[in-house]
Amino acid sequence: MEKKIFVSHSSVDDKIVDNLLLRFKNYGLSNDFFFVDGNDLRTGDNIVRKIDKALEESEITLIVYTQAFLESQWTRSEKEISIKHLIEGKKKKIYVLKFEDLPIKDQFLDVQLSRDLYNNSLYEKNISLLAEELGQDLEIKKYSFPKIINDESLLDYLKYIFLNNRLSLEKIDSSRIGHYTKFFNGIVEIEGSFRKNASNGIFEDILGYVKNANSEIPLLISGHPGSGKSTFLSILFYYFWNKYSESLFEYTPIFVDVDIYNSYLEIEQARKAFVRDIEPIRDYIVENKKKPLIIVDGLDNYLKSAIDLNNTILEFLKVGFERKVIIGLSTTEHFDNRNVLQNVNSESVVKLQKIDKKTLDVKAFIETFSTIYNLSNFNIDSSKKINVFLNRLNQESLDFFLIRLFCENINLNEKQIRSISDLIRTYIKNKTDGQESTLRNCSEIAFNFYVNSETNNEFIKNHYNLWRLIHSHNLIRDYLIAYKITENLVQFKGKKGNFSEQDLEILKRVYPHSINNFCKEIINSTFNSQKEVLDSIQVLFDKVELTGKSHFCYLLGRLSHNSLKSKSKQFLNEKLKVAIQEINGINVFQDPKTMLFIRTIYISLAYLGDRKSSEEYLDKMIFDTEYDNINRGFHLEYYGDIAYDLSDSMSLTSHDDIFHPIARTFEKLYGRLNDSIKNGKMHTLFSIELYTLCSLIQHRHLKLDLDKTQIDLLTKLIKNVTEKPNFLLPENLVKYLTFFLEIVENPNLRSSFDLFLPVYSIKEKIRSGWISSERGRNVNGNIETIASHTYACVLLAKFYLQDKLPKEKKETYPFYNKSKIIEILLFHDLPEFRNGDIPDFSKTATVIEKESEAAQYISMLSSYNNFGNLSDIETNWKRYEGRIDSANKQYINYAIARDIDKIENLIQLLVYYFDKKQQINDFEEWFLDLVRRTTTEFGIEIVREICKTYDHQLCNFSKIASSIDF
């Protein structure tokens, strides 16, 4: 058919034109009358020649009048040619369709032929009148769809109304469906009662399931924007229709695309249009007593009016006849499906997942994709080029949108596309007029909607093309938000003075990984952009809230230029020192923002290669459950296992309640750790991420049925890394990993109390030195236990040690601390809970190592929320055992504690030998050894007091009598 109407528009306004043509079609003007470059140009066409020919042959030009139109060189040229043709009498009219409130300044454009389409309330009326005028201008007999009288006319109607811009039905035969089946089989995940049959294809399985399902809505099909969900639903419809045509399926397939009504901002207009389009289908179904299977796509809109319409549609479908419904829903975290799902009770869900590049059959995927989108530039080498893109840009997964992005830019070189940011930026500029101002407008819309939760219907209508663009994929949304953040930040470089609240509003939040990754790429694109960010942060740091400071610290930790990294480290260390000083004495548990701030500084310093900061933060997580909780919660929210709300200023301060899933976080961290091991080099956050992954598993191990695969993968990874000599892990992390393997490989653990029980056994373990046949000791009856010995040591310290020393002694022992000595004594033998009491004369290196492992076990119990910080037990035990420099200021307290341990042994020896007449053949040697090893004046004084009580008995031992002054 001859194209009588030329539509001149910017590519930015593609969606406006799509909706315009849809409205014209509904008013009887077939799309065949219109020339639209995006629809009528094919790969390989000479674009200039084809457009010139269309302008020459068309009788009317419709100008889609927007700011994008005015800024485009292409559309200016089309306008000038149209005016020339109008003056020459070759063209009847030029209509100016104003989709934005802009003045018409061109003297050759007739203001009388302008139509205002930016007014919501008049939009539908003006479209109707315009369609009438165009019909009259061209003497077109408006196309009126005949009544649906049979299945063939029903199919034609569905194609005309809902499938006009989708895959051509004629091409979807069984062979093509098999091709799609092979692809989709690999990316679907099932929830609910529906089960895949390994020998069947996904569409065949769905058919069998729907046939036998009792539910009116047996299935939901879900996928993120760009996942191929709409393609999947279209193919599913074609598959059902083929089976229906062959009398192999009793339900009549109906396809409804709700998205075509998304251009209506007024809910009543949308309802009227929907009812108008659906009633002919409904009449045919009812009159012929058909049982429809209705496949609904497009229930993933963003405006409240659209969501209200979705519920209206679902209610409408329930009335009047038996049917089954399959619904497609978006899984984007920013679309609140609950408003729709409250009316949906589905038995099962088919989820379309991203495609992992490790398992992707690139060649098969490209063949399928090229068929779907009719992209003739794909060839046998495309898979190799795409793999290069994936590896160079560090992209772990693909979807329909991303693979198309790669393929459209497959000929760009490494300098043109250095990152995913470059790729997204190129895509946005290609979809718009390419102006930086348009990119800023897009970022403004994205930020206001997703971060500030602001929706301005009038603004959206005037920029509807941009509105649709930001929702087309999560990568576009996240890039635009990151662009807004970085653009806003660098404007402050070198500024001084006070800043308004509005100036700082954008900089008061922390952001998730998906946005931060783009921030990092944008900032690191040049040395100057990095320097501008550093300068701006130094100006603004003390003027923003803690969450804003946290985000600043994140950005500083990701600078890539060496000279700027050095300055960042210095700045971050200064801020960390101040933050630590400020929280001393404050209950940090009540202030998660402060903890997030400190965490971010530590992580950024570690990222910049500061090993000391990495180890300090590891210790905080291992021995402080609050830091550990917020670290786990941060990762789960950062990587998407906990829903992230961009508008919530408390985002990324979540605590891990251990019931959240960890699949995304596990996949992300495990992948990075495993890659480091394969590459033979630890990345800067290796130790922290390894601990985080273990902690996530550890805290679910006792309370949840974990995925055994995750545990097996992680334990194998730990054993692998500990065997690599070039992977030097911090000492406390090595201890923790030993503890972690011990608990996850123990099948008998049921609760934290099972972890405590072995330690509790200390109260029943005897002091084996009293029954040593080697030394001729044979104490009978109630033998002293380790616990009773410990308690007696504490009693001695409590009774005999002074609370405060006299002045002259205080000067000699300035760090004397009675409370500290009692604390040391309370736990000095606790590591004997595993192997019991082994006398000094029997201790081997193996025994000492076992006691050291037991002390580590106690210390690592600190990592459980049920227990307090127990790390001081191991520290005190080590120092008590003599692993401390005598010059240490705390030395005197440990020395006194060791003396009291020997003195208690001495007392028990005297009681057993003299009072209870027990057999201890080496009494005299043992007594003298204990006395000689009492070295502090505090201990010697207590020994003297004890000897006064037993002086008569002790005088009978010549060696004792000659050695001790009674």
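Structure: see above.
Source: prediction; values computed, not measured. (Residues numbered from 1 in each chain as written. Predicted model: local features only at pLDDT ≥ 70, side-chain atom pairs only at ≥ 80, totals over all residues. Heavy atoms only, no water.)

Engineer: Describe in detail the environment of E941, supporting the description with residues and values.
Structural biologist: For E941, the position within the fold is in helix α42 (residues 937–949). Classification of E941 as partly exposed rests on a relative accessible area of 45%. When the C-alpha atoms of E941 and Y800 are compared, they prove to be 9.4 Å apart, with 141 residues separating the residues in sequence. (Helix = DSSP H or I, 4+ residues; strand = E, 2+ residues; numbered from the N terminus. Buried < 20%, exposed > 50% of the residue type's maximum accessible area, 1.4 Å probe, protein only.)

Engineer: Tell me what's going on with the nonpolar core, and back it up with residues and numbers.
Structural biologist: Residues I424, L690 and Y736 are the most contacted members of the largest nonpolar core, which totals 134 residues. Ranked by the residues each element gives to this core, the list is headed by helix α21 (residues 474–490), at ten residues. The residues touching Y736, leaving out its near neighbours within four places in the chain, are I622, Y691, C694, S695, Q698, M860 and S863. Listed in part, the 65 residues of the second largest apolar core include Y160, F203, Y209 and V256. (Core = buried A, V, L, I, M, F, W, Y, C linked by side-chain atoms within 4.5 Å. Contact = heavy atoms within 4.5 Å.)

Engineer: Tell me about the packing of aromatic side chains, residues and numbers included.
Structural biologist: Tallying each qualifying case throughout the model produces 47 aromatic pairs. Residues F739 and Y857 carry aromatic rings whose centres are separated by 5.6 Å and whose planes lie at 65° to one another, so their mutual orientation is edge-to-face. In this pair, F739 is assigned in helix α33 (residues 731–744) and Y857 in helix α38 (residues 845–860), connecting sequence segments 118 residues apart. Side by side, F739 and Y857 carry an identical accessibility label, which is buried. Every member of this aromatic cluster is reached through a ring pair, and the members are Y691, Y736, F739, F740, F833, Y857, Y864 and F867. The ring of Y450 has R477 lying over it, and the distance from NZ or CZ to the ring centre is 5.5 Å. (Phe/Tyr/Trp six-rings, centres within 6.5 Å; stacked < 30°, edge-to-face > 60°. Lys NZ or Arg CZ within 6 Å of the ring centre and 35° of its normal.)

Engineer: Can you break down the sheet that holds strand β7 (residues 219–223) residue by residue, with the values?
Structural biologist: The strands making up a sheet associate through hydrogen bonds between their backbones, and the pairing can be parallel or antiparallel. Pairing is mixed in the open sheet, where six strands are placed in the order β6-β11-β7-β10-β9-β8. Looking at strand neighbours, the two that pair on one side only are β6 (188–192) and β8 (252–257), the edges of this open sheet. Neighbour-to-neighbour, the strand axes of the sheet open up by a mean angle of 20°, direction not taken into account. Two strands pair when backbone bridges link them, and β7 and strand β11 (residues 348–352) are joined in this way by five bridges, in the parallel orientation. Residue G223 lies in a different strand from β11, and its bridge partner there is L352. The sheet strands contacting helix α10 (residues 229–245) are β6, β7, β8, β9 (292–297), β10 (324–330) and β11, and the helix crosses β8 at an angle near 160°. (Pairing = 2+ DSSP bridges. Axes fitted to C-alpha atoms, helices over the stretch in contact; angles between N-to-C directions.)

Engineer: Describe in detail helix α31 (residues 686–701), supporting the description with residues and values.
Structural biologist: Since there are 3.6 residues in each turn of an α-helix, residues three or four apart along the chain are aligned in direction. Under the 1.5 Å per step criterion, the end-to-end length of α31 is 22 Å for 16 residues, consistent within 8% with the ideal 22 Å. Here α31 lies mainly inside the structure; 16 of its 16 residues are buried. (Expected span 1.5 Å × (residues − 1).)

Engineer: An account of the pairing of strand β4 (residues 93–98) is requested, with residue identities and associated values reported.
Structural biologist: Across the six residues that make up β4, a large majority, five, are buried. Pairing of strand β3 (residues 60–65) with β4, which is carried by six bridges, proceeds in the parallel orientation. Opposite I63, over in β4, you have V96 as the bridge partner. Across three bridges, the pairing between β4 and strand β5 (residues 114–116) is parallel. Paired with L97 across the strands is R115, a residue of β5.

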